[in-house]
Amino acid sequence: SFTDPAVSMDLLRAVLQPSINEEIRGVFNKYMKFFQKAAVNVRDNVGEEVDPEQLIQETCRSCLEQAKLLFSDGKKVVPRLPHEQVVPKRARQMDEELNRRGSPVPKKRKGRPPGQSLSNDRGVSGMAAWKLKVSEPVRRDGPKWDPSRLTETTTFVLGSRANKALGMGGTRGRLYIKHPHLFKYAADPQDKHWLAEQQHMRATGGKMAYLLIEEDIRDLAASDDYRDSVDLRLEELKPFIPPAWMTEKMQKHMETLRRGGDALPPETPPE
């Protein structure tokens, strides 16, 4: 059933994806200081209704969309934003001036005394915490990262459902950004075939599907960050018990990540 070239390549991609994701995160960490300063400046110039963290996430997603042009076949081109169609002469001059100054963004602040420290900006403490979260290495130790906790009776939930249950349904992937310490397993094509057969997810081809431990999500829901939230919807979790062969793969995946390695190649489940 795996003679389809696309399926074969997707199996390889699934094996390499965790390593690729880590390297991509490293690239974004390198440029995060520019995004943060720009987002703070936008908020200062526009108003308090601007959410710097949301701006940064949207910018990162836009970077990934534009990076697809590197692999364009010449037919499918990612549409550019209006300001990217033609670069005005004034914009080029501004870029050159900023490069000479070594400054990532124009430092326009209303009503500020000259030389005021950035650390006194409104809301910078939250931005610093966000920077700390994305740049610090993820700790993978303790009882939650003990592969023996994954047994044949351990219940799992889909990442998309966990996002909805914790009130993040409108922002896909925010759960993983906000809580990088969570164990998550990227389902390979074989896993997704079983999930679709059991009607836990739709048969959507190459769409990414993460599996998380139900207990971890319920622990989050009971924490100070979520337990009083009006958006909490734990009935959305729809937990399930995967087959033994899938649980075994997740045990090996957890052990590999705990040791600081990359994901192991998926094994073919028994017929």
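Source: prediction; values computed, not measured.

A word on helix α9 (residues 214–221). Of the positions making up α9, those classed as buried are Glu214, Asp216, Ile217, Leu220 and Ala221. Angular distribution of buried residues about the axis of α9 spans 165°; they occupy a single face of the element.

This part is about the pattern of salt bridges. Inspection of every chain in the model, using the stated rule, returns 16 salt bridges. A salt bridge links Glu22 to Arg140; its shortest N-O distance comes to 3.8 Å. With Glu22 in helix α1 (residues 5–46) and Arg140 in the loop between α5 (124–135) and β1 (156–158), this pair connects stretches of sequence that are 118 residues apart. Taken together, the shared-partner salt bridges in this structure form one network comprising Lys144, Arg149, Glu215, Asp216 and Asp219.

This part covers a nonpolar patch on the surface. Residues Met9, Leu12, Leu16, Ile20, Ile24 and Leu64 make up a contiguous nonpolar surface patch of roughly 520 Å² in combined accessible area. A per-element tally of the nonpolar patch places α1 first, with five residues.

By size, the foremost hydrophobic cluster in this structure holds 19 residues, and its most contacted members are Leu150, Phe156, Phe183, Leu195, Leu211, Phe240 and Met250. Of all the secondary structure elements, the ones that give two or more residues to this core are β1, α8 (189–197), β3 (210–213) and α10 (244–258). Top contributing element to this core by residue count: α10, with five residues. Non-local contacts of Leu195, meaning those with residues more than four positions away in its chain, are made with Leu158, Ala187, His200, Met201, Leu211 and Phe240. Counting 16 residues, the second-largest nonpolar core is a separate cluster that includes Val157, Ala162, Tyr210 and Ile217.

Before going further, it helps to examine the packing of aromatic side chains. Across all of its chains, the model carries three aromatic pairs by this definition. Their ring planes at 50° and their centres at 6.2 Å tell us that Trp194 and Phe240 sit as a pair that is tilted. On the criterion of sequence distance, the pair formed by Trp194 in helix α8 and Phe240 in the loop between α9 and α10 is long-range, its members being 46 residues apart. Both residues of the pair, Trp194 and Phe240, count as buried. One residue, Lys184, lies across the ring of Tyr210, its end atom 5.5 Å from the ring centre.

Before going further, it helps to examine the pairing of β3. Burial of β3 is two-sided: the residues Tyr210 and Leu212 facing one way and the residues Leu211 and Ile213 facing the other way are all buried. Two elements, β1 and β3, share three bridges in a ladder whose sense is antiparallel. Paired with Leu158 across the two strands is Leu211, which belongs to β3. Judged from the three bridges that link them, strand β2 (residues 184–186) and β3 form a sheet pairing that is antiparallel. Residue Ala186 lies in a different strand from β3, and its bridge partner there is Tyr210.

What counts as what
- Residues numbered from 1 in each chain as written.
- Predicted model: local features only at pLDDT ≥ 70, side-chain atom pairs only at ≥ 80, totals over all residues.
- Heavy atoms only, no water.
- Buried < 20%, exposed > 50% of the residue type's maximum accessible area, 1.4 Å probe, protein only.
- Helix = DSSP H or I, 4+ residues; strand = E, 2+ residues; numbered from the N terminus.
- Arc of directions from axis to C-beta.
- Salt bridge = Lys/Arg side-chain N within 4 Å of Asp/Glu carboxyl O.
- Patch = residues over 30% accessible without salt bridge, like charges linked within 9 Å, V, L, I, M, F, W, Y side chains within 5 Å.
- Areas by Shrake-Rupley, 256 points an atom, 1.4 Å probe, with all protein chains shown as cover.
- Core = buried A, V, L, I, M, F, W, Y, C linked by side-chain atoms within 4.5 Å.
- Contact = heavy atoms within 4.5 Å.
- Phe/Tyr/Trp six-rings, centres within 6.5 Å; stacked < 30°, edge-to-face > 60°.
- Lys NZ or Arg CZ within 6 Å of the ring centre and 35° of its normal.
- Pairing = 2+ DSSP bridges.

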